[in-house]
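Close look at the chain arrangement
This is what each chain is made of:
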Number of protein chains: 2
Amino acid sequence: MPSYKAPVKDVLFLLNDVFQLERYNNLPGFAEATPDAVEAIVSGAAKISEDVLQPLNQAGDRQGCTRHPDGAVTTPRGFKEAYSTYAAGGWLGLAAGTEYGGQGLPYTLAVVINEFASSANMSLQMYAGLTQGALLCLLTHGTPEQKRTFAPKMVAGEWSGTMNLTEPHCGTDLGLLKTKAIPKGDGTYAISGQKIFISAGEHDLTQNIVHLVLARIEGAPAGTKGISLFVVPKLLVGADGGLGPRNGVSCGSIEHKMGIHGNATCVLNYENAAGTLLGQENRGLNAMFVMMNEARLGVGVQGLAQSEVAYQNAAAYARERLQMRSISGPKFPERPADPIIVHPDVRRNLLSIKAFNEAARALVLWTAVQADVAARSEDASARQSADDHLGLLTPVIKGVLSDIGFDNTVRAQQVFGGHGYIEESGMEQFVRDARIAMLYEGANGIQALDLVARKLPRDGGRAITSFFNEVGAFLKDNEGSAALAPYLVPLRRSLGHLQQATLWFVQNALTRPDNAGAGSYDYMHLLGLAAMGYMWARIAKTALDRKRDGDGIAARMDAKLMTGRFFMERMLPETGAQLARIASGADTMMALPAEMF
Amino acid sequence: MPSYKAPVKDVLFLLNDVFQLERYNNLPGFAEATPDAVEAIVSGAAKISEDVLQPLNQAGDRQGCTRHPDGAVTTPRGFKEAYSTYAAGGWLGLAAGTEYGGQGLPYTLAVVINEFASSANMSLQMYAGLTQGALLCLLTHGTPEQKRTFAPKMVAGEWSGTMNLTEPHCGTDLGLLKTKAIPKGDGTYAISGQKIFISAGEHDLTQNIVHLVLARIEGAPAGTKGISLFVVPKLLVGADGGLGPRNGVSCGSIEHKMGIHGNATCVLNYENAAGTLLGQENRGLNAMFVMMNEARLGVGVQGLAQSEVAYQNAAAYARERLQMRSISGPKFPERPADPIIVHPDVRRNLLSIKAFNEAARALVLWTAVQADVAARSEDASARQSADDHLGLLTPVIKGVLSDIGFDNTVRAQQVFGGHGYIEESGMEQFVRDARIAMLYEGANGIQALDLVARKLPRDGGRAITSFFNEVGAFLKDNEGSAALAPYLVPLRRSLGHLQQATLWFVQNALTRPDNAGAGSYDYMHLLGLAAMGYMWARIAKTALDRKRDGDGIAARMDAKLMTGRFFMERMLPETGAQLARIASGADTMMALPAEMF
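Please read these numbers as outputs of a predicted model, since none were measured by experiment. (Residues numbered from 1 in each chain as written. Chains lettered and ligands numbered in written order. Predicted model: local features only at pLDDT ≥ 70, side-chain atom pairs only at ≥ 80, totals over all residues. Heavy atoms only, no water.)

1. Focus: the overall build of chain A
Looking only at helices and strands, one finds 18 helices and 11 strands in chain A. Since a compact globule built from 597 residues should have a radius of gyration of about 25 Å, the 24 Å found for chain A is in line with a globular shape. For chain A, the C-alpha atoms occupy an extent of roughly 80 × 60 × 60 Å along the three principal directions. Across the 597 residues that make up chain A, the buried fraction comes to 64%. Taking all contacts inside chain A whose residues are at least 6 apart in sequence as the whole, residues at least 24 apart take part in 74%. When the accessible area of chain A is evaluated, it comes to approximately 20300 Å², of which 53% is carbon and sulfur surface. Each charge class in chain A was averaged separately, 55 positive and 59 negative side chains, and the resulting centres sit 3 Å apart. (Helix = DSSP H or I, 4+ residues; strand = E, 2+ residues; numbered from the N terminus. Rg over C-alpha atoms; globule rule 2.2 N^0.38 Å. Buried < 20%, exposed > 50% of the residue type's maximum accessible area, 1.4 Å probe, protein only. Contact = heavy atoms within 4.5 Å. Areas by Shrake-Rupley, 256 points an atom, 1.4 Å probe, with all protein chains shown as cover. Lys, Arg positive; Asp, Glu negative; His and termini not counted. Charge placed at Lys NZ, Arg CZ, Asp CG, Glu CD.)

2. Re the relation of the copies chain A and chain B
Between the two copies, chain A and chain B, the superposition gives an RMSD of 0.0 Å; the rotation angle is 180° and the shift along the axis is 0.0 Å. As the rotation angle and translation indicate, the two copies are arranged about a two-fold axis. Taking C-alpha positions as reference, the residue of chain A nearest the rotation axis is Ala577(A), located at 3.3 Å. A symmetric contact is evident, with 100% of the interface residues of chain A recurring at the interface of chain B. (Least-squares fit on C-alpha atoms with pLDDT ≥ 70 in both.)

3. Observations regarding the domain arrangement of chain A
Residue and element names in this part refer to chain A. Partitioning chain A into domains gives domain 1 (8-151), domain 2 (160-282) and domain 3 (288-587). One C-alpha centre belongs to domain 2, the other to domain 3; they are set 35 Å apart. Each partner contributes to the interface: domain 2 provides 13 residues, whereas domain 3 provides 11 residues. Taking both partners together, domain 2 and domain 3 bury about 980 Å²; carbon and sulfur atoms supply 80% of that area. The tally of links from domain 2 across to domain 3 stands at 2 residue pairs in polar contact (both at pLDDT 80 or more). Within the residue set of the side of domain 2 that touches domain 3, elements represented by two or more residues are strand S3 (159-164) and strand S6 (208-217). Considering every element that reaches the side of domain 2 that touches domain 3, the biggest residue donor is S3, with 3 residues. Grouping the amino acids of the side of domain 2 that touches domain 3 by side-chain chemistry returns 7 nonpolar, 6 polar and no charged. (Domains from an automatic or database assignment. Buried area = accessible area lost by both parts, 1.4 Å probe. Polar contact = N/O pair within 3.5 Å; in protein donor to acceptor, adjacent residues only side chain to side chain. Nonpolar A, V, L, I, M, F, W, Y, C, P; charged D, E, K, R; others polar.)

4. Describing the pattern of salt bridges
Summed over the entire model, instances satisfying the criterion amount to 68 salt bridges over all chains. With a closest N to O distance of 2.9 Å, Lys354(A) and Glu358(A) form a salt bridge. Placement of both Lys354(A) and Glu358(A) in helix H9 (residues 344-376) is noted, with a separation of 4 residues, approximately one turn of the helix. Here Glu574(B) ties to Arg581(A) by a salt bridge, and the two come within 3.5 Å at their closest N and O atoms. Within this pair, whereas Glu574(B) is found in helix H17 (residues 574-583), its partner Arg581(A) is found in helix H17 (residues 574-583), the two belonging to separate chains. The exposure classification of Glu574(B) matches that of Arg581(A), with both residues buried. Salt bridges here are not isolated pairs; linked through shared partners, they connect Asp522(A), Arg570(A), Glu574(A), Arg581(A), Asp522(B), Arg570(B), Glu574(B) and Arg581(B). (Salt bridge = Lys/Arg side-chain N within 4 Å of Asp/Glu carboxyl O.)

5. Some remarks on empty space enclosed by the protein
All names here are of chain B. Taken as a whole and judged by the stated rule, the model has 7 cavities of 30 Å³ or more. In this structure, the largest cavity spans a volume of roughly 40 Å³. As for the largest cavity, its lining consists of Met-1, Pro-2, Gln-54, Pro-55, Asn-57 and Gln-58. In the lining of the largest cavity, the residues fall into 3 nonpolar, 3 polar and no charged. (1 Å grid on protein atoms, 1.4 Å probe; cavity = no way out; pocket = protein on both sides within 12 Å on 5 of 7 lines; lining within 4 Å. Points joined across faces, edges and corners; volume = space filled by probe spheres on them.)

6. Points about helix H15 (residues 513-547) of chain A
Residues and elements named next belong to chain A. Taking 1.5 Å per residue as the helical rise, H15 with its 35 residues ought to reach 51 Å, and the 49 Å between its terminal C-alpha atoms agrees with that figure. Of all the bends in H15, the largest measures some 50° and sits at Ser-520. Counted residue by residue, H15 has 29 buried out of 35 residues, so it is predominantly covered. (Expected span 1.5 Å × (residues − 1). Bend = angle between axes of the 7 residues up to and from the residue.)

7. Focus on unusual backbone geometry
Phi is positive for Asn282(A), which is not a glycine, with a value near 65°. Inspection of the secondary structure puts Asn282(A) in the loop between strand S11 (265-277) and helix H8 (284-320). Here Asn282(A) falls in the partly exposed class, since its relative accessible area comes to 23%. Despite not being glycine, Asn272(B) shows a phi value in the positive range, around 50°. Tracing the sequence through the fold places Asn272(B) in strand S11 (residues 265-277). We classify Asn272(B) as exposed; its relative accessible area is 53%.

8. Details of the interface of chain A and chain B
Counting from both sides, the interface comprises 92 residues of chain A and, opposite them, 92 residues of chain B. Here chain A packs against chain B, burying approximately 8000 Å² in sum over the two surfaces, 62% of which is carbon and sulfur. A per-residue breakdown of the area chain A buries against chain B is headed by Tyr421(A), Arg570(A) and Phe597(A), which together make up 12% of the total. Applying the counting criterion to the chain A and chain B interface returns 4 salt bridges. For the interface between chain A and chain B, the tally reads 52 residue pairs in polar contact (both at pLDDT 80 or more).

9. As for the nonpolar core
In this structure, Phe116(B), Ile191(B), Leu212(B), Leu350(B), Phe467(B), Tyr523(B) and Met532(B) are the most contacted members of the largest nonpolar core, which totals 197 residues. With sequence-adjacent residues up to four places away left out, Ile191(B) is seen in contact with Thr179(B), Lys180(B), Ala181(B), Val213(B), Ala215(B), Phe230(B), Val232(B), Tyr270(B), Glu271(B), Asn272(B), Ala273(B) and Gly275(B). The next biggest cluster of nonpolar side chains, apart from the first, holds 196 residues, and it includes Ala45(A), Leu53(A), Phe116(A) and Leu165(A). (Core = buried A, V, L, I, M, F, W, Y, C linked by side-chain atoms within 4.5 Å.)

10. Observations regarding the pairing of strand S9 (residues 243-246) of chain B
Residues and elements named next belong to chain B. The sheet contact formed by strand S8 (residues 235-237) and S9 spans 2 bridges and is antiparallel. The residue bridging Leu-235 from the neighbouring strand is Arg-246, located in S9. Taken together, S8 and the strand that follows it, S9, pair antiparallel across an intervening segment of 5 residues, in which Gly-241 is found at a positive phi of about 85°. (Pairing = 2+ DSSP bridges.)

Set out below in structure tokens:
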């Protein structure tokens, strides 16, 4: 039976010591987030994740969701009660405005519980995550009436949310979408069409489901410029906010998937379903991007979350499983064999995961703080700079954290040997669940293209330049520190690789766009590694400072310093190979005729 | 519905053109393997794999195996008939001696059909693969009577074989095994104990099952030096070879696994089961190694096989699926969108798999030919050199081909976007099935340790020195060729990385064995990449030669040359990062206390 213990200390170390959340207490909601309050919130998030969500994870995978002949969907035993408990704890509306029943706290703290809940039970967390994304989109683009009608119910967990983009013939290429919206003359629309892969599309956790649906208004232009976004509730909502009859949307089937069996992935059929426009006509993609960006960060967090829970179980197993003697001589001669954690290759596997998890968590929280600044600061230049950061790092966090997070579930499973292949161990579920994160919310190849083709060149490369400047300034500020040199030297080298790769695009991709496409994936990972390397350098600096506080914390800070060195020695060197691949360009890969593949 | 077409042309190109099988026609069995005969055999292997085995693969995964209350196990519908057809075609005994009803053909050809059959239906092929491994072990170590009793039935497919090593408390560390064997005084033994993870341990495909079982004879020394190997048939065999009553072995349960659902993975309980000693007392591990080495090559082939079938389906999808326009402008303006194979990143994914598959297949066949030489040559020095090759490259093929093969099933699944996560596509089954290959027959970390701690230093490093010499000679022989330079320059660089890594071990691991353990995994992959780089250089040289034969073959040879260049530009640069990781040593990873993981 797998277990999970939320990394509360690590989160508090990052928030308080590395990123010093208190520095932001001029932002709305941050003043309430005192260190004591943050500790209470993070500990509460840990508790509900460990005690309520995690115990349902393995059983939820086995039982899965069931669609009944009438189109109703039942979630696994216990999910409904757990979701109610989660909602009742105020976790859904942690960052939502108090006027809708939320707590108005930093979004950063919502990201923390999203990690914990995803580690504990990814399928169940998704119902909450989609609701939060839809809520954000409604609050950003909704009319006062839409907000009043839907937001309080979603914050309270009485209604949930979904996002409806994909159709059978289009996922990435939304310009091809066919779902249509016909104005009914009363300001509402009749929506008809078929959507597929709709996570949490139908279920029994809430009274109502608020679908955000992309559709084309009759007569709108072809392509992406003719797509609008609609709010389409599962049950119609009366003028008094009460629930009315079924709307014209039904679940045609649920998918049989590799993993996340506890989350219902639905085919939704819309037949003259009543909907209201969300945001402006033909600007639906733009409106949906609010939700997609939040969702992309959330998916990156899922990669980290699965990596973390898989790691914890692998580390526990490695401390317990006795097999073979240490290559340097028996370490526990009184036992029949040494625990496998004495073996260097087992440590290599575990440290690869640990060094990623801790840097990825830092990267996520650093970015979440920027999201708070972008949304809440009164200083326009601070908002702009935070927004640049967010735009640049969102595809990186989505793509890199889900890729490496998945790889890490495989590594963790490997520590179990053959036992990891058996369902009972729970390790193979982490692999199957983590796998989806690389695919949905834009497959990772799309994240890479978004990064290289859109985010890099935007505003004359302002975002990446600002990243270079920030890391460069850190390197310069600390160049005299001998204790930091083992971190700064590799970071400087990898930053150089990133700068060379960026320059290579400037020189080679403007005239030949295929060169950008061909190098995009490696560039996304190169930026991800460099950013995580920067996180480790900052963590190391903080750990050196905190170590002076003495015995209570020294061992933990030493572990940080060693884990960071592992990252620098074993993981960051990859950036050299990434640069070489990028600089090899597109010629070879574009030369092969399609029929010769 | 996934499909499969065996790579007949590629195999024939490798056997005839690159490795020139005809050069070995002084070896027993090779004279019969004329180019025409080889083509007929390979085509026949393709046909049965495509027509008989593959159509059962997806249904077999869904249905799985069923254990009945009496311990009997039913395999998925159609498996029994397909296995009979396979046996009747003579495929099980392709390389076995004619005196046992085999065809006496090169083992190399048996490896070819193992790849095809594994691509088509890995679960079903395993029943055959284990039978072949057990057969080889019996033929190598058995008494004349054991051979006479068991071999003809196994060759004919009437009886199958298994290997029984693992127990609940020991997988890697066989020294801990507890299954005991008590001499009954008549030359037979009573075997008692529990074995787990026994693939094909119980099933309905054959009349009888021949278990090869590791056990400790009463009073034998502790540890690995007290382990013997026994032949324990499921049904007792009379002096006339006829089947008698049940022996004392039964299937206690079958495992619920991540994949290979069509293969029954059993807990086998032995209670005073009658067995005969195979090979010498207390030399059981040594005898089992014959089977394990063959099995390890076979598992490497499984990695390649899953990579190949996943690739084929991804390439077909990429040619058909219309989504977005090429970044360099529409390629099929008459269609609603371009097929995704126009996108550089999709090509990068596909070419990464293709470039691996073709080099891995070459590496496997090159090594299989060496296995034939080692087993059949009359020239002692040829046998020794072939045996060195086999010892060095077996762990590399097992570890690297299963690792990258698995990664490639994930890449191929990625090409499908969200559709790859849905069971119906068949892509996620390839991922789940391929995953086991990294775990069984010695988890890949064990392969790496075997390579670095045993195979490298053996005989003063004779095997790796001979590898360096062979690749070095090839580089020197071809250094004047401008056409080959794009292959030779990167190969020379990576060979240099491999040599530096080897030297680093000599200088740093003798005094500190943890340095060997810490670098072993990267070294295994570094050697694998360098060996595949050498394969590509040889393929490129052959392709340049064959291209002169004109139009009929030029396009295919051009594709080889381009795919090889992709390997050199995009995949081989990894060796630099691997060397950096190896040379960073063990200090950091050994420093972290176990409780801080």
